Amino acid sequence: MSSVIGRGLLSEVSKSLDGVKKVLILHPQSLSTTAIAVQEELRSKGFEALVAEVPNSEDAKRIEVASFCWQIMGQADFHRNDAVIGIGGGSTTDLAGFVAATWLRGVRSVLVPTTLLGMVDAAIGGKTGINTSEGKNLVGAFHLPHRVIIDLDTLDTLPRNELLAGMAEVVKCGFIEDPWILDAVESEGAQIDTHSEVFEELIRRAVAIKENVIAVDLRDTGNREFLNYGHTLGHAIEHAERYKWRHGAAISIGMVFAAELSMLSGKLKEHEVERHRTVLGSLGLPLTYRADRWEQLLATMQRDKKARSGSLRFVVLDAIGKPTMLNAPTPELVFTAFQAIVE
Ligand SMILES: NC(=O)c1ccc[n+]([C@@H]2O[C@H](COP(=O)([O-])OP(=O)(O)OC[C@H]3O[C@@H](n4cnc5c(N)ncnc54)[C@H](O)[C@@H]3O)[C@@H](O)[C@H]2O)c1
Ligand SMILES: O=C(O)C(=O)C[C@@H](O)[C@H](O)[C@H](O)COP(=O)(O)O
Ligand SMILES: [Zn+2]
């Protein structure tokens, strides 16, 4: 996998397709103009380029949508040397990666993330997947994209609330590895300018953290699990909210919860827990959740991929920048941490 970060990079797509004859470009409605522009450029270079609009956000990550894509590829005789291009946020690139991973047991994917969250996280690292009625990302495959093209110009049309939701994954990188990120977010807050040097540096640092982890643990058997900080409760909240919440918003609450759990298990200091609330709160991200859904959240967390033989496992922090695993905490401890984040 290789990634490129810059501006005006859409012409990079064709350079990532050596040996390819046909491509299927997947995009949500909001990226139609971009997808058509890429299609025209690819056609002008001799590729057979098909475009398919897929549903917005989590509605894309369904088996019916994957099946729709497989049908298009089947009817157009896509072979092993052909490719899937995903242009959009994390939901589109998760789907595009999954379709690429499964078609003929694996064809090339080229991903063009157009949300901050997609750029710093979803498009990188080869976790592809769809949701099921029982939970988030329960079906998928590890399948590295051939190329990730991070064109910062695409962020110019991204709604502000989507940008700030994406900052949750950047902040996650700050808490698990790079406190410089936390300092920068503390000084910029929700006013952060996507054309500033500090913003580009935040993206570069978050991408580097993820790429370095992937290089040693693609299949989530070791340190990659740390990238799941805040996701155990976060995914359960997304499921409870029927996937109508932003992923970044859900994991914001999940990180505050994980910080409380870290403190209760004798690791993180109180001021470090409070820093979670200050940094995430400065971005306008939610920090609390309703009290009455605990049983449902707990049942969903049992299906988390980090769980082993019925025991929950959480990513917690020994200190800021020092993640570790908390294995099989008592139900009382987990419930007490939840009580600290209820509305
Ligand atoms: N595979 C991974 O490692 C990984 C990592 C993090 C998150 N994810 C997944 O990513 C998904 C969330 O991704 P997301 O936050 O990017 O959300 P998203 O894909 O739902 O996109 C958010 C919204 O922004 C719109 N949009 C996207 N780009 C735009 C642009 N440039 N201009 C205008 N509108 C634009 C979309 O149409 C959508 O309405 C979740 O499903 C999450 O599980 C995966
Ligand atoms: O890349 C990873 O590994 C992550 O955990 C990154 C997360 O931000 C991301 O949301 C991922 O999709 C979660 O994966 P899952 O294995 O918990 O489904
Ligand atoms: Zn995530």
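Nothing here was measured: the structure is a model prediction, and the numbers come from that model. (Residues numbered from 1 in each chain as written. Chains lettered and ligands numbered in written order. Predicted model: local features only at pLDDT ≥ 70, side-chain atom pairs only at ≥ 80, totals over all residues.)

Describing the site of ligand 2
Logical step 1: Surveying the vicinity of ligand 2 reveals the residues Asp121, Gly125, Lys127, Asn137, Glu169, Asp220, Arg224, Leu227, Asn228, His231 and Lys305.
Logical step 2: Here the residues of the shell around ligand 2 are counted per class, giving one nonpolar, four polar and six charged. (Near = placed C-beta within 6 Å. Nonpolar A, V, L, I, M, F, W, Y, C, P; charged D, E, K, R; others polar.)

Remarks on the nonpolar core
Logical step 1: Counting residues in hydrophobic clusters, the biggest one holds 99 residues, and the most contacted among them are Ile85, Leu95 and Val171.
Logical step 2: The greatest single-element share of this core, amounting to 10 residues, is contributed by helix α10 (residues 247-264).
Logical step 3: Both domains that meet at this core, namely domain 1 (2-155) and domain 2 (160-339), each give it at least three residues.
Logical step 4: Those residues in contact with Ile85 that lie beyond four places of it in its chain are Val13, Val23, Ile25, Leu26, Ala96, Val110 and Val112. (Core = buried A, V, L, I, M, F, W, Y, C linked by C-beta atoms within 7 Å. Buried ≥ 20, exposed ≤ 12 C-beta atoms within 10 Å, placed from the backbone. Helix = DSSP H or I, 4+ residues; strand = E, 2+ residues; numbered from the N terminus. Domains from an automatic or database assignment. Contact = placed C-beta atoms within 7 Å.)

Things to note about the site of ligand 1
Logical step 1: Contacts to ligand 1 come from 30 residues, most closely from Ser57, Gly89, Gly90, Ser91 and Thr115.
Logical step 2: Counting residues per element, the ones that place at least two in the shell around ligand 1 are α4 (90-102), α5 (116-122) and α6 (160-176).
Logical step 3: Per-class residue counts for the shell around ligand 1 are six nonpolar, 17 polar and seven charged.
Logical step 4: When we break the shell around ligand 1 down by domain, the ones giving at least three residues each are domain 1 (2-155) and domain 2 (160-339).

Here we look at the domain arrangement of the chain
Logical step 1: According to the domain assignment, the chain consists of domain 1 (2-155) and domain 2 (160-339).
Logical step 2: Once you take the C-alpha centre of each, domain 1 and domain 2 turn out to be 26 Å apart.
Logical step 3: Looking at the side of domain 1 that touches domain 2, the elements with two or more residues in it are β1 (2-6), α5 and β7 (135-142).
Logical step 4: For the side of domain 1 that touches domain 2, the leading source of residues is α5, giving five residues.

Regarding the UniProt feature "domain: 3-dehydroquinate synthase N-terminal" (unreviewed entry) in the chain
Logical step 1: As recorded in UniProt, the sites labelled "domain: 3-dehydroquinate synthase N-terminal" (unreviewed entry) are residues 53-163.
Logical step 2: Helix makes up 33% of residues 53-163 and strand 29%, with an end-to-end C-alpha separation of 22 Å. (UniProt positions renumbered as here; feature names shortened; annotations may be inferred.)

What to know about helix α8 (residues 197-216)
Logical step 1: With 20 residues, α8 ought to run about 28 Å at 1.5 Å a step, and its terminal C-alpha atoms sit 29 Å apart, in line with that.
Logical step 2: Within the span of α8, buried status applies to Phe199, Leu202, Ala206, Val207, Ile209, Lys210, Val213 and Ile214. Buried positions in α8, seen along its axis, are confined to an arc of 155 degrees and lie on one side of it. Exposed and oriented more than 90 degrees from the buried face of α8 are Glu197, Val198, Asn212, Ala215 and Val216.
Logical step 3: Those residues of α8 hidden inside the fold are in contact with β1, α5, α6 and α7 (179-188). (Expected span 1.5 Å × (residues − 1). Arc of directions from axis to C-beta.)

Here's the deal with the confidence of the model for the chain
Logical step 1: On average, the chain scores 97 in pLDDT, and the residues at 70 or more come to 100%.
Logical step 2: Per the prediction output, this complex has pTM 0.98; the corresponding ipTM is 0.99. (pLDDT = per-residue confidence, 0-100.)

Structural notes on the sheet that holds strand β5 (residues 108-113)
Logical step 1: One open sheet holds the six strands; their spatial order is β1-β8-β5-β4-β2-β3, and the pairing between them is parallel. The two strands at the open ends of the sheet, each matched to only one other strand, are β1 and β3 (48-53). Recorded for the sheet is a direction-independent mean angle of 15 degrees between the axes of neighbouring strands.
Logical step 2: Judged from the two bridges that link them, β5 and strand β8 (residues 147-151) form a sheet pairing that is parallel. Bridge assignment links Val110 to a residue of β8, and that residue is Arg147.
Logical step 3: Most of the contacts of helix α3 (residues 63-75) go to strand β2 (residues 22-27), to which it runs at about 160 degrees, and overall it touches β2 and β3. (Pairing = 2+ DSSP bridges. Axes fitted to C-alpha atoms, helices over the stretch in contact; angles between N-to-C directions.)

Some points on the environment of Leu287
Logical step 1: By the element assignment, Leu287 lies in the loop between α11 (270-282) and α12 (294-301).
Logical step 2: Judged by C-beta crowding, with 16 C-beta atoms within 10 Å, Leu287 ranks as partly exposed.
Logical step 3: For the pair Leu287 and Ala37, spaced 250 residues apart in the sequence, the C-alpha separation amounts to 40 Å.
Logical step 4: Beyond its immediate stretch of four places on either side in the chain, Leu287 contacts Ser252, Ile253, Val256, Arg277, Leu280, Gly281 and Ile341.

Looking at α7
Logical step 1: Every buried residue belonging to α7 is among Ile181, Leu182 and Val185, and all of these are buried. Summarising the axial view, the buried residues of α7 lie within an arc of 100 degrees, below the 170-degree limit, and thus occupy one face. Across α7 from its buried face, at more than 90 degrees, point the exposed residues Asp183 and Ser187.

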